[in-house]
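Spelled out, the chains give:
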Amino acid sequence: GTGANVGNGGTTGAVEVTSGVEHTVSETAGTDTNLANYVTVIGGDCASNGKITLAVGTSKTCTITNTRKTLLTVNKVLVPGTDPGLFNLQIDGSTAGTGANVGNGGTTGAVEVTAGVEHTVSETAGTGTSLANYVSVIGGDCASNGTITLAVGTSKTCTITNSRLPTLTVNKVLVPGTEPGLFNLKIDGSTKVTDVSNG
């Protein structure tokens, strides 16, 4: 047949086969194609597993339909890049793909999602990390609230950037260290701790 390296509308043409014997139709990837990127369905006159037996003198047609998978990737960026924070990258409320406990440069990898419905990208804190220590911004192909709707066969990438909030610590030292005085420590006029002594 002529079924080598064919795209949409391609065909083997009518190929003579033995009657009364079970045959199987299938496919392999052609040039620059990866079957893992597609959902494959066999139909027409063939069973879904590609099997068919023809009677003498009959002509049958089987169809292999490849629908490109709809893929969503979530990437993690930390500012600064050396920040040790760990995060669980989520799609629709569940940690997705390889996105568990990842730091800067982490990713879910390409995760297959349903086309035509709204998905939400988010994160939870990983080991030893508190989201309260960061300002989080969602971008890339996602809206700032993390939502995205993908068309059939598209691949989109969203990015969650976490910038570490600066911290300021005020310590109390008394001379001599045995001094019994108590003090209220403030930052920008707001009391952060009351009645502290040396140390």
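Every chain's residues receive numbers from 1 upward, in the order its sequence appears when written. Per-residue local features are limited, in this predicted model, to residues with pLDDT of at least 70; the limit for side-chain atom pairs, both in listing and counting, is 80 or more; totals at the level of whole chains, interfaces and linings are taken over all residues. Heavy atoms throughout the structure, all of them, feed into the side-chain values; hydrogens and water do not.

Draft legend 1. Here's a closer look at the sheet that holds strand β12 (residues 155-164). Two strands qualify as a pair provided that DSSP identifies no fewer than 2 bridges between them. Numbering of helices and strands starts at the N terminus; helices are DSSP runs of H or I of at least 4 residues and strands are runs of E of at least 2. Strand order in the open sheet formed by four strands is β8-β5-β12-β10, with mixed pairing between adjacent strands. With partners counted over all chains shown, the strands left at the sheet margins are β8 (111-112) and β10 (134-140), one partner each. Here strand β5 (residues 71-79) runs beside β12; their pairing, made up of nine bridges, is parallel. Bridge assignment links Leu-72 to a residue of β12, and that residue is Lys-156.

Draft legend 2. Quick peek at the state of the cysteines. Criterion for a disulfide: a pair of cysteine sulfur atoms within 2.5 Å. Within this structure, the stated rule accounts for two disulfides. Through a disulfide, Cys-46 is tied to Cys-62; the S-S separation comes to 1.9 Å. Of note, the bridge from Cys-46 to Cys-62 carries an S-S torsion of about 75° and is right-handed in sense. With Cys-46 in the loop between β2 (38-44) and β3 (51-53) and Cys-62 in strand β4 (residues 62-68), this residue pair connects regions lying 16 residues apart in the sequence. Covalent S-S linkage joins Cys-142 and Cys-158, the inter-sulfur distance amounting to 2.0 Å. Sign of the S-S torsion, about 80° for the bond between Cys-142 and Cys-158, identifies this disulfide as right-handed.

Draft legend 3. Highlighting the environment of Glu-123. Its location among the elements puts Glu-123 in strand β9 (residues 118-125). Burial here depends on accessible area, computed with a 1.4 Å probe over protein chains only, as a share of the maximum for the residue type. Under 20% is buried, over 50% is exposed, and the range in between is partly exposed. Look at Glu-123 and you get buried, because its relative accessible area is 13%. C-alpha separation for the pair Glu-123 and Asn-88, spaced 35 residues apart in sequence, amounts to 5.4 Å. Contacts are residue-level and defined by heavy atoms, with any inter-residue pair within 4.5 Å sufficient. Leaving out residues up to four positions away in the same chain, Glu-123 has contacts with Lys-76, Phe-87, Asn-88, Gln-90, Leu-131, Ser-136, Ile-160 and Asn-162. What qualifies as a polar contact is a pair of N or O atoms within 3.5 Å, subject to a donor-acceptor requirement within protein and to the restriction that residues adjacent in sequence count only when both atoms come from side chains. One polar contact links Glu-123 to Ser-136, side chain to side chain, over a distance of 3.0 Å.

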